[in-house]
Structure formats: C-alpha cells, structure tokens
Amino acid sequence: MGRSCMHVDVKFFVYDHIHHNYTTFQDHGNRARFDDNQIKWGFAKLIPLVDFKDISKWYLSTNDSCVFGVEVSTDSMYTIKDRCLSMIKPPETMNRYTWIVDNLSVVTEKCLHSEVFKVGKVKWTLSIYPKGISSGKGTNLSIFLEVHEAALARSGWRVYAKYQLRVKNQRGYDDRVGETEHWFCESEVDWGFSQFMLLSELKDRTKGFLLKDRLIVEAKILVTGLIKDFI
C-alpha cells in the first residue's frame, strides 16, 4: 500500500484581548507536509515568552487565559477544489447568548425561536419545544441550536460547533447543562437535545428553573469550525 501524503497551508491565530482580533502566524512560501511519518507541524518558537507574558500585548486575558485558532487550506491534485478548514475558540466574553422566555405556561406554539445571534463568523438561533419533540414529546423540554438562514448558504456548506445549551437556575442552584458537538450541513441545520430535561422537573417551583413563569436559556459556543471550498 502506498504512503499517504498531504500538503496544506496552515495559519495559527492568537487572540488579542484588547483589540478583539487575531494575530496571524504563517510560514509563507512553505507548505506543511503530512504523511505517515510526519503527523505534526507547527512553530517551535511561535512567540517569545517575554512577549507572550507582556500584559501590554494582551495575548493573556485578565484571568490568565489565552485563545488560539488554526486555519488549514488543502490543495491536492486529487481534488476538484481547494478546501479551507478554520477552527476557532471564541473568547469567553463573546461566545454566549442568553434568551429570556416569559409567560412560558401560556405559550401555544409548538416551537419558539430566539433572535439571531452571532458567534465568530456564524449566525445562530435557538429553538425550544415547550412540550417536547421526537423522543421527548410530552415529557421533556427540547432545545436545539440552529444555523440561521441555512437555506441561503452556498451548496455543500459545513459548520462545526462544540457548544453547551443551558437552562439557568434562578434560585442559585446548579443550572441544567447539556454539551455536544456537531457538523451542521444542508441535511442537518439544527442539533441539540430532544430530552433536555423533564417537564415535571422544569415546572417544579422548588427546583428554581421556572420562576414567575420565566425561562432563561443560554447557548455557549466553545469551538467553531468552517469549511470553505474554493473553485
């Protein structure tokens, strides 16, 4: 069997916490080569530690955390198109959306949709089914994350997300959290939990998830990925 080989262009990103953009690092003129023996590629000396720790550079946030990203572009003689994969971990200050739903008990719609929110380069919406759907119908609250206006996107699009969906506890107890990851595409524009939490637990006033008929739902996007094709 022949040895597999791939040449790609690689860019690394480090987030600037004060200017809210990414510093780009790329080995111009040299493509990364991966094969059975070379499975890793990168920079042994990306940023001098003295610069990385310099608070004026803002690579480190005030809570001593940093954010990295990577973009990989392929160009193979065996493919029709160039393909670019970008993976980004959004900053903590810009990766979540909170949706407040009032008067939940009088909602008659089968499904409710949030306003559009943007994390990274992707626009999203949340949807909830107050009486459940699919395997959760009649027993559970169902919650999903959806790519906004997916029908208008270019054919063959794909978006990756690792994310958390959360129902906030309004009495200071633990929130109900579900974490998942998914490649969104034309055939699967939304993804989430049909059985997020039991309706009996949601409606139990002592639990604190539904207070004064108000439900608070939060989405937190941990990582996003985009695949772009270039003809």
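What you are looking at is a predicted structure, and each value in this text was computed from that prediction instead of being measured. (Residues numbered from 1 in each chain as written. Predicted model: local features only at pLDDT ≥ 70, side-chain atom pairs only at ≥ 80, totals over all residues. Heavy atoms only, no water.)

1. Thoughts on the nonpolar core
Side chains of nonpolar character tend, in soluble globular proteins, to be buried together. The line we're drawing: Residues enter a nonpolar core if they are buried and are Ala, Val, Leu, Ile, Met, Phe, Trp, Tyr or Cys, with the set joined through side-chain atoms within 4.5 Å. Type-normalised accessible area, obtained with a 1.4 Å probe on protein chains alone, sets the label of each residue: buried when under 20%, exposed when over 50%, and partly exposed for intermediate values. Each helix is a run of H or I in the DSSP string that is no shorter than four residues. Each strand is a run of E no shorter than two, and both are numbered from the N terminus.
Among the nonpolar cores identified, the biggest contains 35 residues, and W124, L126, I128, F184, L202 and L215 are the most heavily contacted of them. Elements represented by at least two residues in this core include exactly β6 (96-101), β8 (117-119), β9 (122-129), β10 (140-147), β11 (158-167), β13 (190-198), α2 (199-203) and β14 (215-230). Within the second largest apolar cluster, 5 residues are counted, among which are V14, F25, F52 and Y59.

2. Structural notes on the pattern of salt bridges
The line we're drawing: Any carboxyl oxygen of Asp or Glu that lies within 4 Å of a side-chain nitrogen of Lys or Arg is treated as forming a salt bridge with it.
With the rule as written, the count across this model stands at 9 salt bridges. Taking the shortest distance from any N to any O, the salt bridge between R96 and E218 comes out at 3.8 Å. Taken as a pair, R96 in strand β6 and E218 in strand β14 lie far apart in primary sequence, 122 residues in all. On the basis of relative accessible area, R96 is assigned to the partly exposed category, the value being 40%.

3. A word on the side chain of S127
Quick note on the threshold: By definition in these notes, contact holds between two residues if any of their heavy atoms fall within 4.5 Å.
Position of S127 among the secondary structure elements: in strand β9. If sequence neighbours within four positions are ignored, S127 has contacts with W99, C111, L112, H113, S142, I143 and F144.

4. Considering the side chain of S194
Within the secondary structure, S194 is located in strand β13. Contacts of S194, omitting those with residues within four sequence positions, involve I133, S134, S135, G136, N140, L141, S142 and F144.

5. What about the pairing of β11?
Inclusion rule: At least two DSSP bridges between two strands are required for those strands to pair.
With 8 of 10 residues buried, β11 is to be regarded as a mostly interior element. Taken together, the 10 bridges between β11 and strand β12 (residues 176-185) define a ladder with antiparallel strand orientation. For Q164, the partnering residue across the bridge sits in β12 and is E179.

6. A look at the layout of surface pockets
Condition: A pocket here means an open set of points on a 1 Å grid, computed over the protein atoms alone, that has protein on both sides within 12 Å along at least five of seven lines. A cavity is instead a set of points where a 1.4 Å probe fits but cannot get out; residues with an atom within 4 Å of a point line either one. Grid points are joined across faces, edges and corners, and a volume is the space filled by probe spheres set on the points. Following the grouping adopted for this structure description, the nonpolar residues are Ala, Val, Leu, Ile, Met, Phe, Trp, Tyr, Cys and Pro, the charged ones are Asp, Glu, Lys and Arg, and the polar ones are all others, Gly among them.
Within this model, the second largest pocket holds a volume of roughly 380 Å³. Taken together, 20 residues form the lining of the second largest pocket, with Y22, I88, G120, K121 and T224 sitting closest to its centre. Grouping the amino acids of the lining of the second largest pocket by side-chain chemistry returns 11 nonpolar, 6 polar and 3 charged.

7. Considerations on unusual backbone geometry
Its identity as a non-glycine residue notwithstanding, N103 has a phi of 55 degrees, on the positive side. One can find N103 in the loop between β6 and β7 (112-113).

8. Structural notes on the packing of aromatic side chains
Under the convention used in this document: Within 6.5 Å between ring centres, the rings of Phe, Tyr and Trp (the latter by its six-membered ring) count as paired, and their orientation is classed by plane angle as stacked under 30 degrees, edge-to-face over 60, tilted in between.
A full pass over the atoms with the stated rule returns 6 aromatic pairs. Between W124 and F184, the aromatic rings sit 5.2 Å apart at their centres with planes inclined by 70 degrees, giving edge-to-face as the arrangement. With W124 in strand β9 and F184 in strand β12, this pair connects stretches of sequence that are 60 residues apart. Assessed through its relative accessible area of 0%, W124 is described here as buried. We classify F184 as buried; its relative accessible area is 0%. For the ring pair Y163 and F184, a centre distance of 6.2 Å and an interplane angle of 35 degrees mean the geometry is tilted.

9. Re the environment of N169
As a reminder of what qualifies: Each polar contact in these results corresponds to two N or O atoms within 3.5 Å; when the atoms are within protein, one needs to be able to donate a hydrogen and the other to accept it, and residues that are neighboring in sequence are counted only if both atoms are side-chain atoms.
Turning to its location among the elements, N169 is positioned in the loop between β11 and β12. On a C-alpha basis, the gap between N169 and L211 in space is 8.8 Å, while along the polypeptide they are 42 residues apart. Only 2.9 Å separates the side chain of N169 from the backbone nitrogen of R171, close enough to count as a polar contact.

10. Notes on the pairing of β9
In terms of residue burial, β9 counts as a mostly covered element, since 7 of its 8 residues are buried. Here β8 runs beside β9; their pairing, made up of 3 bridges, is antiparallel. Looking at the pairing, F117 lines up with W124 of β9. Connecting β8 to the antiparallel partner β9 that follows it, the hairpin turn spans 2 residues, and G120 within it adopts a positive phi of roughly 65 degrees. Strand direction decides the pairing type here: β9 and β10, joined by 6 bridges, are antiparallel. The residue bridging T125 from the neighbouring strand is E146, located in β10.

Keep in mind these values describe shape, not function.
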